[in-house]
Amino acid sequence: MAGTNTTAGAEPAQWAEWAAEHYEDFAALEREWPRIADGFAQATAPDTRDNESIVTYTVSLMNWFIARRDWNTALAWLNEAVAACQALGDDEMLAAMYNRGGLLHCLRGVHSEGFNWYARALPLVEKLNDRATLATLEGNLGLLAVALGDRMARQHLNRAVMLNAQLGNRSSDAQFIEHVLVTLLTRGWDAAASLAAMRLRAIAEEAGNQ
């Protein structure tokens, strides 16, 4: 399956593998799009449904769809991938699909849907005990909740700060907490802002001691 000279009669799984190999080559994806689309259609058809291939297609093509701002196709494929992950019982990939859906909706400016998709990922990520992903997810939920006026914003942001502190990655931790600090101060949440400021000072002190 090397290169782009694949036969038009390739099976859906073969084109899924090809897309996975060439996911960064947007020009190649553009050239072979009719065959990729046909392979995906076969993978999602009731008589030839292939859940693993559906997931592979979606993971491989999502960045290309986003770069092209092809929201409708991206959402259609994401929905198929969600159903495929559920059928496969793959919670890790399902959480990844919900996370990507949250990003997609935020990029297209529909923040309420972005929040909903991220919220669907939350119990799965907690179950998987993936603290790095959970920290990012809680941060996304908190910042979106602020934008939407949701009362849960403070809870999400506080938990994100706590998780980032536990993970100990000073660079990403500091960047995120600085963003959160500004958000908390603008909302008048002084107690939470004080905790965030303390964490920023601790990060600076840790960096200075090395």
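Residues numbered from 1 in each chain as written. Predicted model: local features only at pLDDT ≥ 70, side-chain atom pairs only at ≥ 80, totals over all residues. Heavy atoms only, no water.

With reference to specific residues and values, describe the pattern of salt bridges.
In the structure shown here, the tally under the stated rule is seven salt bridges. Glu32 serves as the salt-bridge partner of Arg35, at 3.1 Å between the closest nitrogen and oxygen. For Arg35, a relative accessible area of 33% corresponds to the partly exposed category. Classification of Glu32 by relative accessible area gives buried; the value is 5%. Taking the shortest distance from any N to any O, the salt bridge between Arg159 and Glu138 comes out at 2.7 Å. Of the two residues, Arg159 sits in helix α9 (residues 153-167) while Glu138 sits in helix α8 (residues 131-148), which places them 21 residues apart along the sequence. Judged by its relative accessible area of 27%, Arg159 is partly exposed. (Salt bridge = Lys/Arg side-chain N within 4 Å of Asp/Glu carboxyl O. Buried < 20%, exposed > 50% of the residue type's maximum accessible area, 1.4 Å probe, protein only. Helix = DSSP H or I, 4+ residues; strand = E, 2+ residues; numbered from the N terminus.)

So what's going on with helix α1 (residues 12-21)? Residues and values would help.
All buried positions along α1 are accounted for by Pro12, Trp15, Ala16, Trp18 and Ala19. Taken down its axis, α1 places every buried residue within 160 degrees of arc, on the same side. Of the surrounding elements, those touching the buried residues of α1 are α2 (26-31), α3 (33-44) and α4 (51-67). (Arc of directions from axis to C-beta. Contact = heavy atoms within 4.5 Å.)

A description of a negative patch on the surface should follow, citing residues and the corresponding values.
A grouping of Glu52, Asp90, Glu92 and Asp130 is seen on the molecular surface, where their side chains present a negatively charged patch. Considering the arrangement of structural elements, one finds Asp130 in the loop between α7 (111-128) and α8. (Patch = residues over 30% accessible without salt bridge, like charges linked within 9 Å, V, L, I, M, F, W, Y side chains within 5 Å. Areas by Shrake-Rupley, 256 points an atom, 1.4 Å probe, with all protein chains shown as cover. Lys, Arg positive; Asp, Glu negative; His and termini not counted. Charge placed at Lys NZ, Arg CZ, Asp CG, Glu CD.)

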